[in-house]
Amino acid sequence: MSSGKINVSVENIFPLIKKFLYSDHEIFLRELVSNATDATLKLKHLTSIGEAKVEYGNPVIEVKIDKDGKKLHIIDQGLGMTAEEVEKYINQIAFSGAEEFLEKYKDSAKDSGVIGHFGLGFYSAFMVASKVEIITKSFKDEPAAHWTCDGSPEFTLETADKTERGTEIVLHIAEDSLEFLEEGKIRELLTKYNKFMPIPIKFGTKKEALPRPENAGDDYKTEYVEVDNIINNPNPAWTKQPSDLSDEDYKNFYRELYPMQFDEPLFNIHLNVDYPFNLTGILYFPKLSNDLQIQKDKIQLYQNQVFVTDNVEGIVPEFLTMLKGVIDSPDIPLNVSRSYLQADGNVKKISNYITRKVSDKLKSLFNENRADFEQKWNDIKIVLEFGMLSEAKFYEKAGDFALYPTTENKYYTLAELKEALAPTQTDKDGNLVVLYASNVELQHSYIEAAKEKGYEVLLLDSPIVSHLIQKLETDNEKLSFVRVDADHVDNLIKKEEEQISRLSEDEKTKLKEVIEVVVPKEKYSVQLESMDSKAAPFIITQPEFMRRMKE
Ligand code: ADP
Ligand code: MG
């Protein structure tokens, strides 16, 4: 047996770690399971290149609670460590890593803008444990080692009699962290952080029904066996090739990601790039019908299949944060504040790549099956219109597929709309006048009156549409949008002369006077032109500019 003192400049760094990362104690489990995964994958690699002459087999990682002993065990069948390696990797590297981490982030860790907290690694165990043991047997032909440390820089290292290859970490859970001995808590954490990690993770056992024998009689009772409860899916859809996945696979993965979400996604976008940065993932366009679900089920960020956060602000363009799904990239810096993140070159490229993939997908959906795309328009328009307003690049691309539906359920692109309206809806100054309604019920009579005159009326009813209209007017010369209940409708040149009222000018003036007693003429104007239409005896309109002023 040997004991020693770890060479650190801070006498006792554990209380410091505890303090700085107060809100993130739970990540210790992610870190330890990540280490177990790394150790297993390293062994896989070494056996595959012939450097480790041992059977790789079908390794699992086990997480086990010993409630009476107040201990939590994390056991792997990875490459293990020799005593010398424990000295090197745990006493030196992990310690200096933790120290370096503290040095670097003790200020930023205090503000909540820091995401991830990757890098603390093994020593995060001391956030929840008063004593940590490592019992490890290397794949090399050397005796097992047993390391113990109570959080002070002193440690003991002795030989152990462990015979199976791999590492067991034993955490003696501290009195203030007893929640981590609760089965429910550990299951919650494993599900949150480790759900898609690449090595199977066992947590307890579960009962599984045996298949019913063919000759079973009526009184047959289902028999059960205890099997390992594997909490993760080591091969999630996003790690596969798009060509190996069917529509059904994508939908199943959506359900796996969001078990409480019952709506099916509208479509998905598979992200897959390895240069100049590495990124995989699957994004889904959800039906935006359930507001609560939108808040809850967010895009999840992973690094090498380890969950990091579901706050992707700054990584994904804002308008796409309404989407759902997964992105996995080792190239996103995590121990940084959000403002730093937004300035990072790689992150900018990633954000641009995602925007491009989304617009490419929309364009191909539009080209391949326009009828289907039109059907989905109502569910996706908010995201798209928001994107057109907030991202110049997306606005440019959206010209190809952004749709402008009419109250008659016809869907125009902007180019088609201009062409369709040119013969009928050009005003005296040569401006193309686009009539639109924002509420079919409230503006019913105006819509009918306009249709009566042979005009097309768009239905633009999303909450940000007035901003979009302003942008379209700025960017398109001689294009103006007028709401169907605004007075400009008058100025449309079509059939203006043909519109003959059954009232004489004199009668009209008198009737107008009567109406204007109840309707203030400074704000509204009264039109009797549609007296002979089926829609309404007369209509009251308000100038477009006055209406916009109120909005
Ligand atoms: P990192 O994982 O970033 O290298 P950690 O502090 O998590 O940093 O771990 C330090 C080192 O300890 C690892 O690089 C590895 O060499 C060793 N180690 C930790 N856990 C295990 C394990 N379960 N099996 C084998 N080696 C391990
Ligand atoms: Mg680690």
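The written sequence of each chain sets the order in which its residues are numbered from 1. Chains carry letters and ligands carry numbers; both start at the beginning, A for chains and 1 for ligands, and go up in the order they are written. Residues qualify for local features only when their pLDDT is at least 70, as the model is predicted, and side-chain atom pairs are given and counted only at 80 or more; totals for whole chains, interfaces and linings, by contrast, use all residues.

On to the overall build of the chain. Assigned secondary structure in the chain consists of 15 helices and 21 strands. The exposure scheme places C-beta atoms from the backbone and then counts, for each residue, the other C-beta atoms within 10 Å of its own, assigning buried at 20 or more, exposed at 12 or fewer, and partly exposed in between. Across the 551 residues in the chain, those meeting the buried criterion constitute 33%. What counts as a contact here is a pair of residues whose C-beta atoms, placed from the backbone, lie within 7 Å. For the chain, long-range pairs separated by at least 24 residues make up 69% of all intrachain contacts whose partners lie at least 6 apart in sequence. What counts as a helix is a DSSP run of H or I of at least four residues, what counts as a strand is a run of E of at least two, and both are numbered from the N terminus.

Here the amide bond leading from Y275 into P276 is cis, since omega sits at 0 degrees, within 30 degrees of zero. By the secondary structure assignment, P276 is in the loop between strand 10 (267-273) and strand 11 (279-285). Within the chain, N304 stands out as a residue other than glycine whose phi angle is a positive 50 degrees. With respect to the secondary-structure elements, N304 resides in the loop between strand 12 (300-303) and strand 13 (306-309).

Glancing now at the sheet that holds strand 18 (residues 457-459). Read from one edge to the other, the open sheet built from three strands follows the order 18-17-19, with strand pairing classed as parallel. Looking at which strands have only one partner, the edges of the open sheet turn out to be strand 18 and strand 19 (479-483). Recorded for the sheet is a direction-independent mean angle of 40 degrees between the axes of neighbouring strands. One bridge is not enough; two strands pair if DSSP finds at least two bridges between them. Sheet topology note: the strand 17 (residues 432-437)/strand 18 ladder contains three bridges and is parallel. Bridge assignment links A437 to a residue of strand 18, and that residue is L459. Axis lines are fitted through C-alpha atoms, for helices just across the contact stretch, and the angle between N-to-C directions can take any value from 0 to 180 degrees.

Before going further, it helps to spend a moment on the environment of P242. Residue placement: P242 occurs in the loop between strand 9 (224-230) and helix 5 (247-257). The sequence separation of P242 and V482 amounts to 240 residues, and the corresponding C-alpha distance is 45 Å. With near-sequence residues (within four places) excluded, P242 lies in contact with H270 and N272.

Moving on, we come to helix 14 (residues 505-518). Its 14 residues give helix 14 an end-to-end C-alpha distance of 21 Å, which sits within 8% of 20 Å, the value for a rise of 1.5 Å per residue. Where burial is concerned, little of helix 14 is hidden: zero out of the 14 residues are buried. Here the expected length of a helix is defined as 1.5 Å per residue gap, with one fewer gap than residues.

This brings us to the environment of Q443. On the secondary structure map, Q443 appears in the loop between strand 17 and helix 12 (444-452). Q443 sits 41 residues away from V484 along the chain, and the two C-alpha atoms are 7.5 Å apart. Setting aside residues no more than four positions away along its own chain, Q443 makes contact with A437, V484 and D485.

Let us now look at the UniProt feature "binding site: ATP" (unreviewed entry) in the chain. UniProt positions are given in the numbering used here, feature names are shortened, and annotations may be inferred rather than shown by experiment. Annotation from UniProt places "binding site: ATP" (unreviewed entry) at E31, N35, D76, M81, S96, G97, T167 and R338. Within the secondary structure, E31 sits in helix 2 (residues 27-48). For E31, a count of 22 C-beta atoms within 10 Å puts it in the buried group. In this structure, E31 is in contact with L120, G121, F122 and S124, ignoring residues within four places of it in sequence. Note that T167 resides in strand 7 (residues 166-173). Residues contacting T167, with those up to four places away along its chain left out, are A36, A39, D76, G78, G80, M81, I134 and T136.

Further remarks concern the confidence of the model for the chain. Per-residue confidence from the prediction method is given by pLDDT, with values spanning 0 to 100. Residue-level pLDDT values for the chain average 85, and 82% of them are 70 or greater. Here residues 109-117 is a poorly scored stretch, pLDDT under 50, and it has 23 contacts once near neighbours within four places are set aside; other chains count. Scored as a whole, the predicted complex attains pTM 0.81, and scored at its interfaces, ipTM 0.99.

The next point concerns the pairing of strand 13. Strand direction decides the pairing type here: strand 12 and strand 13, joined by three bridges, are antiparallel. Paired with Y302 across the strands is F307, a residue of strand 13. Where strand 12 folds back onto strand 13 in an antiparallel hairpin, the turn is made up of two residues, including N304, whose phi is positive at roughly 50 degrees.

For helix 8 (residues 345-368), which comprises 24 residues, the first-to-last C-alpha distance of 34 Å matches the rise-based estimate of 34 Å (1.5 Å per residue) to within 8%. Residues of helix 8 that are buried include every one of V347, I350, S351, I354, V358, S359 and L362, and no others.

Let us now look at the sheet that holds strand 8 (residues 201-209). Spatially, the nine strands line up as an open sheet ordered 1-6-5-4-7-3-2-8-9, and their pairing is mixed. At either margin of the open sheet sits one strand with a lone partner, and together these are strand 1 (2-5) and strand 9. Strand-to-strand, the axes of this sheet are offset by a mean angle of 25 degrees, without reference to chain direction. Seen against the sheet, helix 2 touches strand 2 (61-66), strand 3 (71-75), strand 7 and strand 8 and runs at an angle of roughly 145 degrees to strand 2.

What follows is about the nonpolar core. As a rule of thumb, soluble globular proteins bury nonpolar side chains together. Structurally, a nonpolar core is described as a collection of buried Ala, Val, Leu, Ile, Met, Phe, Trp, Tyr and Cys residues joined by way of C-beta atoms within 7 Å. Grouped together as the largest cluster of nonpolar side chains are 114 residues, with contacts concentrated most on A125, L171, I282, L435, Y436 and V457. Residue contributions to this core peak at eight residues, all from helix 2. Beyond its immediate sequence surroundings of up to four residues, I282 is in contact with A237, W238, Y250, F253, N268, H270, L271, G325 and V326.

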